[in-house]
Amino acid sequence: MDLLYQIFIDPFVQMGTAPDLLVQTLWEGLVGGVLYSLIALGFVLIFKASGVFNFAQGIMVVFAAMSLVSLYGLGIPAFVALALTFAIMLALAWGVERLVLRPLVNQPDIILFMATFGLTYFLIGFGELVFGGEPKVMIADQLFLPRGAYDIKMLGGFVSLQKIDIAATVIASLMVAALAVFFQKTRIGRALRAVADSHRAALSVGISLEQIWVIVWFAAGIVAIVTGIMWGARSQVEFSLQIIALKALPVLILGGFTSIPGAIVGGVIIGVGEKLGEFYWGPLLGSGIESWLAYMIALAFLLFRPQGLFGEKIIERV
Amino acid sequence: MRAPSSEVLAGQVLLSVENVSLSFGGVKAIRDVSFDIRKGEIRAIIGPNGAGKTSLLNVINGFYQPQEGRITFRGETREKMRPYAAARGGIARTFQNVALFKGMSALDNIMTGRSLKMNRGFVWQLLRHGPALAEEVEHRRRVEEIIDFLEINAIRRVQVGRLPYGLQKRVELGRALAMEPDLLLLDEPMAGMNLEEKEDMSRFVLDVNNHYGTTIALIEHDMGVVMDLSNRVLVLDYGRKIADGTPDEVKADRNVIDAYLGVAH
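Residues numbered from 1 in each chain as written. Chains lettered and ligands numbered in written order. Predicted model: local features only at pLDDT ≥ 70, side-chain atom pairs only at ≥ 80, totals over all residues.

*Asks:* I would appreciate a short explanation of the overall build of chain B in the present structure.
*Replies:* Each helix and strand counted, chain B has eleven helices and ten strands in total. In terms of overall size, chain B behaves like a compact globule, its C-alpha atoms giving a radius of gyration of 19 Å where 265 residues would be expected to give roughly 18 Å. Along the first, second and third principal axes, the C-alpha set of chain B runs to 70 × 40 × 40 Å. Sorting the 265 residues of chain B into buried and exposed places 42% on the buried side. Within chain B, contacts between residues separated by at least 24 positions form 67% of all contacts whose residues are at least 6 apart in sequence. (Helix = DSSP H or I, 4+ residues; strand = E, 2+ residues; numbered from the N terminus. Rg over C-alpha atoms; globule rule 2.2 N^0.38 Å. Buried ≥ 20, exposed ≤ 12 C-beta atoms within 10 Å, placed from the backbone. Contact = placed C-beta atoms within 7 Å.)

So this is what it looks like as structure tokens:
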């Protein structure tokens, strides 16, 4: 009985008695969720256009952040370094298309998936060679990212909002809006959606798959830069950060692999769920709940909506 | 019956295929086939199932690369086509089992047919301003013409995945027409249609040929349709060419009758 009380009643009593803590937890969950969304977004872009699950998205985030910090370290002004990082991600997209995707065209998806594993380990090794293995500090101040926090008095307590988190949320929203406009309103966006729907039909109207692939990988690279800056500013930039790629998995399962809104909503659900679980239920199980809770949430969703919240409905004729 | 006009029969060759062979591993899909398509004609390709008709279309627009033979299109000879080069050169096509962009509206599907004709950078397009806006408006006008022509005004905003099969085929034809092709390849444009839909589609094919002067190569199983529409007919069986000529000639050909009805042993 006592255990049941602790699981089903006590956390909600706590939420009710300290609403300011609840708001703080929700906010932190939201911010964490936005960052998950950003990673998931990179996956969705590439998956939509080429059907490839790009395992290398995580290392692309680290690689972008490392490039930015290291270029700045060479004495290059921050915004010039940022521009150069864009150029590096474009070169990476082009290289991936030439050296990885093009020779493997028409191969089964699993082959391409394995190729992205190869790409991941290549980038880790190459990156450590070039940038060195030690952690680096993101140049947040130089990019005029805000620091400090707003303390808002509410609900009989204080809720503390980190300015960098607010900035991350705003920038992420702007980027999603920009991507949505790009996909819906331009010829290239139309071509991207076309390629996602049917490769051979796209080819038949003269859409160049090579060009489209470079564009999506570059778009995923831009998402990686933004993610790298935001994530790096909250902790530090190091190669072990590439493991956040795995955090995107439950988000994708939840949101559906092909949906941009799905990535956003999925990320927020996972982020908020993780923080709530950690704060209110975590003490019952000892710590470490956040390393697996996201997967549990995703698993529970899978039982009811195998295609994800926004994924295309799977209709099978039998 | 459509009388083959002497003009067409004497016409210029738009595309010629010489000694093309295509195999997949041990399966020989096309064996040493040569034929040509003349400017302005409607060319039918017929044959029993598995005769290699679709493979032949795929060779022409570069989806398949043949192991042997040459393809000459508009005077340019090459060993194999590439899909992009084919589209650029003015070859459009439809597919046997409809390949549309299912998530998009009919209008957007047809707009993708203009991909190669739109040149303005995407920054301009995002801004929807200046030259890009003028360009978009011009392309929209052409697409609206096609929509009117195919009588699909009512469904322009409908997601094509929801449309009935007959209308999907019409949208697919619209997308191909939006490319303003010199050569239009139609893979079984009337398969799975009822009589009324077939008649509509036949009318569209003839109109495209008459009004736009588009050269058409079509695969079709309905012999009535083939005999009515086409100027010349190519007959394939087991990947080989067994007859080539006007509908009347082909109809009377011994090999063709054997292929379709079977040979007495």
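*Asks:* Any chance you could explain the overall build of chain A here in plain terms?
*Replies:* Of regular secondary structure, chain A possesses twelve helices and two strands. Along chain A, helices (α) and strands (β) appear in the sequence α-α-α-α-α-β-β-α-α-α-α-α-α-α when read from the amino end. Rg of the C-alpha trace for chain A: 21 Å, near the compact-globule value of 20 Å for 318 residues, within the 12% margin. Over its C-alpha atoms, taken along the principal directions, chain A stretches across nearly 65 × 65 × 35 Å. Nonlocal contacts in chain A, meaning residues at least 24 apart in sequence, comprise 75% of its contacts between residues at least 6 apart.

*Asks:* Explain unusual backbone geometry here, please?
*Replies:* Backbone geometry follows two general trends: most residues other than glycine have a negative phi, and most peptide bonds adopt the trans configuration. Residues and elements named next belong to chain B. Phi is positive for Val98, close to 35°, though the residue is something other than glycine. As for its placement among the helices and strands, Val98 is situated in the loop between strand 6 (91-93) and helix 4 (106-112). According to the C-beta neighbour criterion, Val98 is buried, with 20 such atoms within 10 Å. You will see that Glu180, though not glycine, has its phi angle at about 45°, which is positive. If you trace the backbone, Glu180 turns up in the loop between helix 7 (165-178) and strand 7 (183-187). With 17 C-beta atoms packed within 10 Å, Glu180 lands in the partly exposed category.

*Asks:* Explain the nonpolar core to me, please; I cannot follow it from the model alone.
*Replies:* Across soluble globular proteins, you tend to see nonpolar side chains buried next to one another. Residues and elements named next belong to chain A. Counting 165 residues, the largest nonpolar core has Ala40, Ala65, Leu68, Val195, Ile212 and Val216 as the members making the most contacts within it. Ranked by residues supplied to this core, first place goes to helix 9 (residues 209-234) with 17 residues. Dropping the residues within four chain positions of it, Ala65 is found in contact with Met138, Gly228, Ile229, Gly232 and Val237. (Core = buried A, V, L, I, M, F, W, Y, C linked by C-beta atoms within 7 Å.)

*Asks:* How do you make sense of the interface of chain A and chain B when you look at a structure like this?
*Replies:* Accessible area lost upon the coming together of the parts is a frequently used measure of interface size. On the chain B side, the residues contacting the 20 residues of chain A number 26 residues. Contributing elements (two or more residues each) for the side of chain A that touches chain B: helix 6 (163-185), helix 7 (187-197) and helix 8 (199-204) of chain A. It is helix 7 of chain A that contributes the most residues to the side of chain A that touches chain B, seven residues altogether. Broken down by class, the residue content of the side of chain A that touches chain B amounts to nine nonpolar, five polar and six charged. (Nonpolar A, V, L, I, M, F, W, Y, C, P; charged D, E, K, R; others polar.)

*Asks:* Looking at this model, I keep getting lost on the sheet that holds strand 9 (residues 232-237) of chain B. Mind explaining?
*Replies:* Two strands in a sheet stick together by hydrogen bonds in their backbones, pointing the same way (parallel) or opposite ways (antiparallel). Residue and element names in this part refer to chain B. Spatially, six strands are ordered 6-7-8-3-9-10 in an open sheet, and the strand pairing comes out mixed. Strands at the two margins of the open sheet, each flanked by one partner only, are strand 6 and strand 10 (240-245). Across the sheet, the mean angle from the axis of one strand to that of its neighbour is 20°, orientation sign disregarded. Inspection of the sheet shows strand 6 paired to strand 7 by three bridges, in the parallel sense. The residue bridging Ile91 from the neighbouring strand is Leu183, located in strand 7. (Pairing = 2+ DSSP bridges. Axes fitted to C-alpha atoms, helices over the stretch in contact; angles between N-to-C directions.)

*Asks:* Can you help me understand the pairing of strand 8 (residues 215-219) of chain B in this one?
*Replies:* Taken residue by residue, a regular strand's side chains alternate between the two faces of the sheet. Residue and element names in this part refer to chain B. The buried count for strand 8 comes to five of five residues, which makes it a mostly enclosed element. Residues Thr215, Ala217 and Ile219 of strand 8 are buried on one face, and the alternating residues Ile216 and Leu218, pointing to the opposite face, are buried as well. Sheet topology note: the strand 3 (residues 42-46)/strand 8 ladder contains four bridges and is parallel. Note on strand 8: the bridge partner recorded for Ala44 is Leu218.

*Asks:* Looking at this model, I keep getting lost on the sheet that holds strand 2 (residues 27-38) of chain B. Mind explaining?
*Replies:* All names here are of chain B. With antiparallel pairing, the four strands of this open sheet are ordered in space as 2-1-4-5. Across the chains shown, the open sheet's two edge strands, defined by having one partner strand only, are strand 2 and strand 5 (76-78). Mean inter-strand twist for the sheet, computed between neighbouring axes without regard to direction, equals 15°. Where strand 1 (residues 13-24) lies against strand 4 (residues 68-73), five bridges are found, and the strand directions are antiparallel. Residue Ser21 lies in a different strand from strand 4, and its bridge partner there is Glu68. Helix 2 (residues 53-60) rests against strand 1, strand 2 and strand 4 of the sheet, and its axis sits at about 65° to strand 2.

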